[in-house]
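Chain and residue survey
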Amino acid sequence: MINEGSCSGEGEPAVIKTEAISKKFGRITAVDELDLDIEEGEIFGLLGPNGAGKTTLISMLCTIMKPTSGKAWVNGFDIVKQSSKVRKSIGIVFQQPSVDDLLTGRENLAMHNLLFGVPRGIRKQRIDEVLSLVDLEKRADDLVNTYSGGMRRRLELARGIMHHPKILFLDEPTLGLDPQTREHIWEYIQDLAEKECMTVMLTTHYMEEAEMLCDRVAIIDYGKIVALDSPHELKNRIVGDVVKIKQKHPDIEAMKHLEYVRKVEVKKGLVYLSIKDASQHLQDLLAHTGPIDFVEVRSGTLNDVFLHYTGREIREAGAEGGFMERAMKK
Amino acid sequence: MSEIMNELDGIYAVWLREAKIYVREKERLISSGFSPLLWIFGFGTGIGSSLGTVEGYPYQTFIYPGIVVMAVLFTSLFYGIYIIWDRKLDFLKEVLVAPVSRASVFAGKMLGGATDAMVQVIFLMIIGLFINIPLNPLIVIQAFLLLLLISIAMVSIGLVIGANLKSPEGFGLVINFVMWPMFFFSNALFTLENLPAWLTAITFINPLTYAVDAVRGVILGINHFPIYLDIAVMMIFSGIMMILGVLSFRRM
Ligand SMILES: Nc1ncnc2c1ncn2[C@@H]1O[C@H](COP(=O)(O)OP(=O)(O)O)[C@@H](O)[C@H]1O
Ligand SMILES: [Mg+2]
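What this report covers is the structure whose coordinates are included nearby. On a predicted model such as this, the values are computed, not experimentally measured, just so you know.

Things to note about the packing of helix α6 (residues 102–130) of chain B against helix α11 (residues 227–251) of chain B
Residues and elements named next belong to chain B. Contact geometry of α6 with α11 gives a least axis separation of 9 Å together with a crossing angle of 120°. With respect to their mutual orientation, α6 and α11 come out oblique. Helix-helix and strand crossings are classified by hand; for α6 and α11 the assignment is right-handed. Contacts between α6 and α11 involve R102, A103, V105, F106, K109 and M110 from the first element and M242, G245, V246, F249 and R250 from the second. Partitioned by chemical class, the residues of the contact of α6 with α11 number seven nonpolar, one polar and three charged.

A few points about the pattern of salt bridges
In the structure shown here, the tally under the stated rule is 27 salt bridges over all chains. A single network of salt bridges, built from pairs that share partners, joins A:D100, B:R17, B:E18, B:D86 and B:K109.

Topic: helix α10 (residues 278–289) of chain A
Residues and elements named next belong to chain A. Residues of α10 that are buried include every one of A278, H281, L285 and T289, and no others. Summarising the axial view, the buried residues of α10 lie within an arc of 90°, below the 170-degree limit, and thus occupy one face. Facing away from the buried side of α10, by more than 90 degrees, are the exposed residues S279, Q280, Q283 and A287. Contacts from the buried residues of α10 go to β11 (241–246), α9 (252–256), β12 (261–267), β13 (270–275) and β14 (294–299). Just downstream of α10, G290 is the residue with a positive phi angle, here 80°.

Some words on the coordination of the magnesium ion (ligand 2)
Residues and elements named next belong to chain A. The protein atoms donating to the magnesium ion (ligand 2) are T55 (OG1) and Q95 (OE1), with metal-donor distances spanning 1.9 to 2.1 Å. Residue T55 is found in helix α1 (residues 54–61), and its partner Q95 is found in the loop between β6 (90–93) and α3 (105–115); the two are separated by 40 residues along the sequence. On the accessibility criterion, T55 (27% relative accessible area) is partly exposed. Overall, Q95 belongs to the partly exposed group, its relative accessible area being 22%.

Observations concerning helix α11 (residues 302–310) of chain A
Residues and elements named next belong to chain A. Counting buried positions over the nine residues of α11 gives seven, a clear majority of the element. Looking only at α11, the buried set comprises L302, N303, D304, V305, F306, L307 and T310. The residue sitting at the N-terminus of α11 and contributing the capping side-chain oxygen is T301; that oxygen lies 3.2 Å from the backbone nitrogen of N303. Once α11 finishes, G311 follows within two positions and takes phi at roughly 75°, a positive value.

Considering the interface of chain A and chain B
Opposite the 28 residues of chain A that make contact, chain B presents 25 residues. Regarding the contact of chain A and chain B, the summed buried area is about 2400 Å², with carbon and sulfur atoms giving 63% of it. Summed over the shared surface of chain A and chain B, the number is six salt bridges. Residues B:K20 and A:E107 are paired through a salt bridge, measuring 3.3 Å at the closest nitrogen-oxygen approach. Linking chain A with chain B are nine residue pairs in polar contact (both at pLDDT 80 or more), by the criterion used here. Counting residues per element, the ones that place at least two in the side of chain A that touches chain B are α2 (83–89), β6 and α3 of chain A.

Details of the site of ligand 1
Residue and element names in this part refer to chain A. For ligand 1, the set of nearby residues contains twelve residues, the closest of which are G51, G53, K54, T55 and T56. The contact in question runs from an oxygen atom of ligand 1 to an N or O atom on the backbone of G53, over 3.0 Å. One of the side-chain nitrogen or oxygen atoms of T55 is found 2.6 Å away from an oxygen atom of ligand 1. Within the complex, the protein chains bury 70% of what would otherwise be the 560 Å² of accessible surface of ligand 1. Elements represented by at least two residues in the shell around ligand 1 include exactly α1 and α13 (322–329). A total of three residues in the shell around ligand 1 trace back to one element, the largest contributor, which is α1. Residue composition of the shell around ligand 1, by class: five nonpolar, five polar and two charged.

A closer look at the environment of A:H308
All names here are of chain A. Position of H308 relative to the elements: it lies in helix α11. Distance from H308 to K263, taken between C-alpha atoms, is 8.7 Å for residues 45 residues apart in sequence. Excluding anything up to four places from it in sequence, H308 contacts I238 and K263.

Observations regarding the pairing of strand β10 (residues 224–229) of chain A
Residues and elements named next belong to chain A. For strand β9 (residues 216–221) and β10, the ladder comprises five bridges, and the chain directions are antiparallel. Directly across from V217, in β10, lies its bridge partner D229. If you look at the hairpin formed by β9 and β10, you'll find two residues sitting between the two strands, and Y222 has a positive phi there, around 45°.

Side note on the sheet that holds strand β1 (residues 16–25) of chain A
Residues and elements named next belong to chain A. Strands sit in the order β2-β1-β4-β5 across an open sheet of four strands; the sheet is antiparallel. Strands at the two margins of the open sheet, each flanked by one partner only, are β2 (28–38) and β5 (77–78). As paired strands, strand β4 (residues 69–74) and β5 are joined by two bridges and run antiparallel to one another. Of the residues in β5, the one forming a bridge with W73 is D78.

Some details on the environment of A:H184
Examined against the element boundaries, A:H184 turns out to sit in helix α6 (residues 179–195). Expressed as a C-alpha distance, the spacing of A:H184 and A:G160, which sit 24 residues apart in the sequence, is 16 Å.

Details of the layout of surface pockets
Of the volumes computed, that of the second largest pocket is approximately 510 Å³. In terms of lining, the second largest pocket is formed by 21 residues, of which the most central are A:T63, A:S83, A:R87, B:R102 and B:R250. For the lining of the second largest pocket, the secondary structure elements donating two or more residues are α2 of chain A together with α1 (2–24), α6 and α11 of chain B. Counting residues per element, the lining of the second largest pocket draws most heavily on α2(A), at four residues. When its residues are assigned to classes, the lining of the second largest pocket shows eight nonpolar, five polar and eight charged.

Details of the nonpolar core
Of all hydrophobic cores here, the largest spans 108 residues; its most connected members are A:L57, A:F169, A:M201, B:Y64 and B:L147. Here A:F169 is in contact with A:I16, A:I58, A:L61, A:C62, A:I90, A:G91, A:I92, A:V93 and A:M201, once residues within four sequence places are set aside. Core analysis: the second largest hydrophobic core is formed by 45 residues, A:I185, A:Y188, A:V200 and A:V242 among them.

Observations regarding a negative patch on the surface
All names here are of chain A. Among the surface-exposed residues, E183, E187, D191 and E194 lie close enough to one another that they form a single negatively charged patch. One can find E183 in helix α6. Of the residues examined, E183 reaches a relative accessible area of 48% and is grouped as partly exposed.

Thresholds, definitions, all that
Residues numbered from 1 in each chain as written. Chains lettered and ligands numbered in written order. Predicted model: local features only at pLDDT ≥ 70, side-chain atom pairs only at ≥ 80, totals over all residues. Heavy atoms only, no water. Axes fitted to C-alpha atoms, helices over the stretch in contact; angles between N-to-C directions. Helix = DSSP H or I, 4+ residues; strand = E, 2+ residues; numbered from the N terminus. Parallel < 35°, antiparallel > 145°, perpendicular 65-115°, else oblique. Left-handed = near helix turned anticlockwise from the far one by under 90°. Contact = heavy atoms within 4.5 Å. Nonpolar A, V, L, I, M, F, W, Y, C, P; charged D, E, K, R; others polar. Salt bridge = Lys/Arg side-chain N within 4 Å of Asp/Glu carboxyl O. Buried < 20%, exposed > 50% of the residue type's maximum accessible area, 1.4 Å probe, protein only. Arc of directions from axis to C-beta. Donors = N, O, S within 2.8 Å, 3.2 Å for Na, K, Ca; no water. Polar contact = N/O pair within 3.5 Å; in protein donor to acceptor, adjacent residues only side chain to side chain. Buried area = accessible area lost by both parts, 1.4 Å probe. Near = heavy atom within 4 Å. Areas by Shrake-Rupley, 256 points an atom, 1.4 Å probe, with all protein chains shown as cover. Pairing = 2+ DSSP bridges. 1 Å grid on protein atoms, 1.4 Å probe; cavity = no way out; pocket = protein on both sides within 12 Å on 5 of 7 lines; lining within 4 Å. Points joined across faces, edges and corners; volume = space filled by probe spheres on them. Core = buried A, V, L, I, M, F, W, Y, C linked by side-chain atoms within 4.5 Å. Patch = residues over 30% accessible without salt bridge, like charges linked within 9 Å, V, L, I, M, F, W, Y side chains within 5 Å. Lys, Arg positive; Asp, Glu negative; His and termini not counted. Charge placed at Lys NZ, Arg CZ, Asp CG, Glu CD.

Below, the structure written as structure tokens:
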């Protein structure tokens, strides 16, 4: 395919850059002075609960919404002043399905070719290429309203990459899909980013998705970035391992003073400790606590990271609650 | 050059989608065939039988051009509602984020709407042959071009309203306030002779009056205004509506 050669964006200017970009809807601040730098070839994740402002940010970057204030550049072009150049550089899969029900899969793709200026001579070949990539050749000539949710999503993915964009935006690419289809789509995305040297920005509120796919993750809450790093770093630096202990009279203060303990929390009579590295320190920890009823160790997750910064779980914060919470917070 | 080709491809893509949907949504096609029949036989024979002749023509023949214009008016204006559905269902985002200008997106939609209306015109012309409307190939071509111009103006109004509203109900309300006054305060159903002065004044500022006059002139040879005035009024009106349309699409 196109774009052969190395993907290394070392030393090059960021492919996506924002400076204090904000979007307000009346009294709601959906995106709050965000700064981002995303390098070429990166798979970058925006992880946050519903209503965090992920879709709003993507809508601004792909020029269908204007920021209230702040600036952003995509592929070096200003998203407000050079919006048509930005549009030529990007592909997008929207959160809401946007393939046309009354057209066939192939017709949807053909329309996209026309709209995105794919040269006449290679249109047919491109369609066949992406159809085979997402395993839709057999159903290509059926109307989309006969497709399953997963098939639609795959069609949209095919459409988003067919014109070989430099940058691909994916807004909740696997929302509502079954686990198997989801893993399939993860594979496509990873393959694509590698083969086509594409920069991918995706949003998700599934932490497994962010962990599996992304080179770097920005955790976003109420329109602000609360943490940004590789999933590995985020987990290790912030949480490490989580130790759950059950004990009659735990000495919380003493636990807090151990140098490898990062955080202690008590919930429903259980003590949760974030510690740097359980394999090294568990023994020492138990020596300090004295006799216990029960202990369980697990690796930290991005959910723990989110919890650490916001005091809530992504899931608790999830499910359409964003609007009311935000309204009440003001 | 390639920029222009891109824009033309964009217009074609949007139009092609509209044309395909039109053919596939059976209700749209069926209503295109049925409603003209209702208009002609409902109005023409019902009201007409009591009226005798107007300007030397049976009433049914006299109002035929007005009915055709009315069919174009209704179909074209109501076409704007699809833009609201498209937006609700998010189909439109794919088009709005594409690297083609909003003017081209508008043009594609406008031509799509005009196509709907012109299919209906073809049905009406065929019906015309059966009820002794004096049509010949030259007349058909002239009338077709005039009706296309009218349709472009009316689709543009519909799209302007559709692009600025969020709900289909709101659209229905607003469009009724545009459509019925335009239709009744025009010469579609009566001649402009012997009207009270206030009514004459209103019909004269109604662009649809000039549209009906032009089409009636071409088909029946009855003109109230010179044909170039009719065409000039329609062109200016279409031009203004298209500009408003493009501006509305830019804000979407
Ligand atoms: N068009 C809009 N009008 C008003 N409020 C909006 C609009 N779009 C989003 N919001 C609000 O902005 C906040 C962020 O929404 P969104 O960007 O969709 O979040 P996410 O994609 O992270 O779930 C939410 O509180 C939402 O209600
Ligand atoms: Mg969203």
